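A closer look at the structure
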Number of protein chains: 2
Amino acid sequence: MTKIAVDAMGGDHAPAAEVAGAVAAAAEYGTGVILVGQEDRVRAELSRHETAGLPIEVAHASQVVAMDESPLTAVRRKKDSSIRVSANLMSDDRVSAVVSAGNTGAVMATTKLVMGGLPVVDRPALTTVLPTQKGKPAILLDVGANVDCKPMHLEQFAIMGDIYSHKIFGVRRPRVGLLSIGEEDSKGNELTKEAFKALKRAPINFVGNVEGRDIFAGDTDVIVCDGFTGNVALKLSEGVFETFTTMLGEELQRTLAAKVGYMLAQNAFHQLKRRLDYSEYGGAPLLGLAGLTVVCHGRSNANAFKNAVRVAREFCERDVNGVIEQEFEKMGWTTPGVAG
Amino acid sequence: MTKIAVDAMGGDHAPAAEVAGAVAAAAEYGTGVILVGQEDRVRAELSRHETAGLPIEVAHASQVVAMDESPLTAVRRKKDSSIRVSANLMSDDRVSAVVSAGNTGAVMATTKLVMGGLPVVDRPALTTVLPTQKGKPAILLDVGANVDCKPMHLEQFAIMGDIYSHKIFGVRRPRVGLLSIGEEDSKGNELTKEAFKALKRAPINFVGNVEGRDIFAGDTDVIVCDGFTGNVALKLSEGVFETFTTMLGEELQRTLAAKVGYMLAQNAFHQLKRRLDYSEYGGAPLLGLAGLTVVCHGRSNANAFKNAVRVAREFCERDVNGVIEQEFEKMGWTTPGVAG
């Protein structure tokens, strides 16, 4: 049975949201879950739910990594943190994947240290799923695991993203784009110009350069970039979105007519919120890891954790890592370090 | 008298928006304007306005650079394009600045070729002005002139942005941030880590790393980055904004209650639009050029052109270039090429 470790101490609403999400996943999908964290707090939270007969266990971890803690310090010093114990459960084969909403840097560093990458993969890549105007999600990677990349890393990201889109979202022939600053082949910086050539030769449906504005249009299923650009892009999107909603909220409170109008149109705003809701997509997998880590947003609610557990299980049962290994071997990337 | 050349053939609404904006600038501010383009079309458009006694001239240019044309081809082959003739007017000292909404790459390449950079500046930088939650604009540079940068280029961008913020927006001690992927000093890629050290030593109010989400918060006046990241960020912001408004518009049409609510709240939406309106800020100056080029959005309306002419004039009369030269000389950057 596929079991998933859920770091119960990671997110802003820990452990309540983590526990509620894990219970929902166990109840709805029958997925086995091990909640990892301070046992008394986790059990207290569990007691608020109906859990009789559900495949839920608890593993104790005495320490918690704070959101503002240095990832390297956390890895070195906190040997009994909830994320470290979760990673150990994965390396001991007691679980197939780890879900965590903790300090992203520490989650990535810890699980990479404990598990390592797949033997064929140079650089695991953090992969996020974004809503688009056409309803289908778009996959963006890398969004922060590798701040400095070589062209071949982007090629590896493209192939992993292609497999993820196909296996998890059922896209038959994912359209893969390269994030750049113009659609013409010749546009870009040194990195993307070289990567463009590599992607053209790669066994994927490469659709060429895409620009920042195209990410949300829904015409591309997978978009690759280096982790610096991807992280800036991801946080910027959140910032624009927040700015827009904050400003609109202010304006809608300014006059009585606007307030009444807002009340009447409230359902439209709820529908919009649902269309843009990240929590349906199940978090950001670190692709290329031996095993699987799914990083959730710090603000994740129970629904986000439930979906992260669902995606983690699908990832394992559909053998995404096995397919990545096969495809990389076909490319002749049989040893790590080929991309430098 | 400060005169400004307005490329009348550049934007999506050329020459109507350009001519209307130039007429408004001449009438409101008394600024001398030379409209550059196909003379019969420009004069036909001018005849729709009341221009008696206004300081408006027309300079003929037989060719037009298309939006999708290669900048290099345009520079080489179209010697009588409206942007080329505008740049020539600047190099002949007949105008102090050029305003154009044409093909951004061609506008930058042409004016750089004809004018060159300031003797002390290695890399002119395209500078955009963004609205923020706090009302004050934020300056982002470079947004596309230099896709591959060295740390010292970012330092030069920071100093130019600082001067621009001070001289044009009257910010007394601009807060300058470095676009990166975390607020801690140690976060970033190779480029930003080195640039961070240089910016700490620079004679500016450096506030450290800022993240994508901070750009619109309004706590930073100037944000520097390489031109690849900046261009991705700029286009992504437009994309998120468009996605949000498109989706909200769809939802607001779905039910009768939402439609009525939207009508009642209409003024709130108009106010929001005004707060986010780029056309008040007067386009994107290419800082560091000998002379000045202001690049306007292809979709610019008459108000945007009017404000671009106003900003171009302020830029010249407040001697922004002279201050840049002084500051760069103080830094010991007396010859171009110091930053490689």
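Since the structure is predicted, the reported quantities are computational estimates derived from the model, not experimental observations. (Residues numbered from 1 in each chain as written. Chains lettered and ligands numbered in written order. Predicted model: local features only at pLDDT ≥ 70, side-chain atom pairs only at ≥ 80, totals over all residues. Heavy atoms only, no water.)

Concerning the domain arrangement of chain A
Residue and element names in this part refer to chain A. The domain architecture assigned to chain A consists of domain 1 (3-123 + 288-323) and domain 2 (130-278). Between the C-alpha centres of domain 1 and domain 2 there is a distance of 25 Å. Counting residues at the interface gives 18 residues for domain 1 and 15 residues for domain 2. Of the roughly 1,500 Å² buried between domain 1 and domain 2 on both sides combined, carbon and sulfur atoms contribute 55%. Of all residues in domain 1, Arg 123, Arg 318 and Val 323 bury the most surface against domain 2, accounting for 38% of the area lost on that side. Counting every contact that joins domain 1 to domain 2 gives 1 salt bridge. Linking Glu 242 and Arg 299 is a salt bridge whose minimum nitrogen-to-oxygen distance equals 3.7 Å. Summed over the shared surface of domain 1 and domain 2, the number is 5 residue pairs in polar contact (both at pLDDT 80 or more). (Domains from an automatic or database assignment. Contact = heavy atoms within 4.5 Å. Buried area = accessible area lost by both parts, 1.4 Å probe. Salt bridge = Lys/Arg side-chain N within 4 Å of Asp/Glu carboxyl O. Polar contact = N/O pair within 3.5 Å; in protein donor to acceptor, adjacent residues only side chain to side chain.)

Remarks on the relation of the copies chain A and chain B
Between chain A and chain B, the superposition needs a rotation of 180° and an axial shift of 0.0 Å, giving an RMSD of 0.0 Å. Both chain copies can therefore be described as sitting about a two-fold axis. Relative to the rotation axis, the closest C-alpha in chain A is found at A:Gly261, a distance of 1.8 Å. (Least-squares fit on C-alpha atoms with pLDDT ≥ 70 in both.)

A short note on the environment of A:Lys259
Residues and elements named next belong to chain A. Checked against the element boundaries, Lys 259 lands in helix α9 (residues 256-264). A C-alpha to C-alpha distance of 9.8 Å links Lys 259 and Gly 249, two positions 10 residues apart in sequence. Beyond its immediate chain neighbours, meaning those up to four positions away, Lys 259 contacts Leu 252 and Gln 253. (Helix = DSSP H or I, 4+ residues; strand = E, 2+ residues; numbered from the N terminus.)

Considerations on the packing of helix α1 (residues 16-29) of chain A against helix α2 (residues 39-46) of chain A
Between two packed helices, what matters for the description is the angle formed by their axes and the separation of those axes. All names here are of chain A. α2 packs onto α1 with a crossing angle of 55° between their chain directions and a minimal axis gap of 9 Å. Classified by the angle between their axes, α1 and α2 sit oblique to one another. Between α1 and α2 lies a crossing of right-handed hand. In contact with Ala 16, Val 19 and Val 23 of α1, α2 contributes Val 42, Glu 45 and Leu 46. (Axes fitted to C-alpha atoms, helices over the stretch in contact; angles between N-to-C directions. Parallel < 35°, antiparallel > 145°, perpendicular 65-115°, else oblique. Left-handed = near helix turned anticlockwise from the far one by under 90°.)

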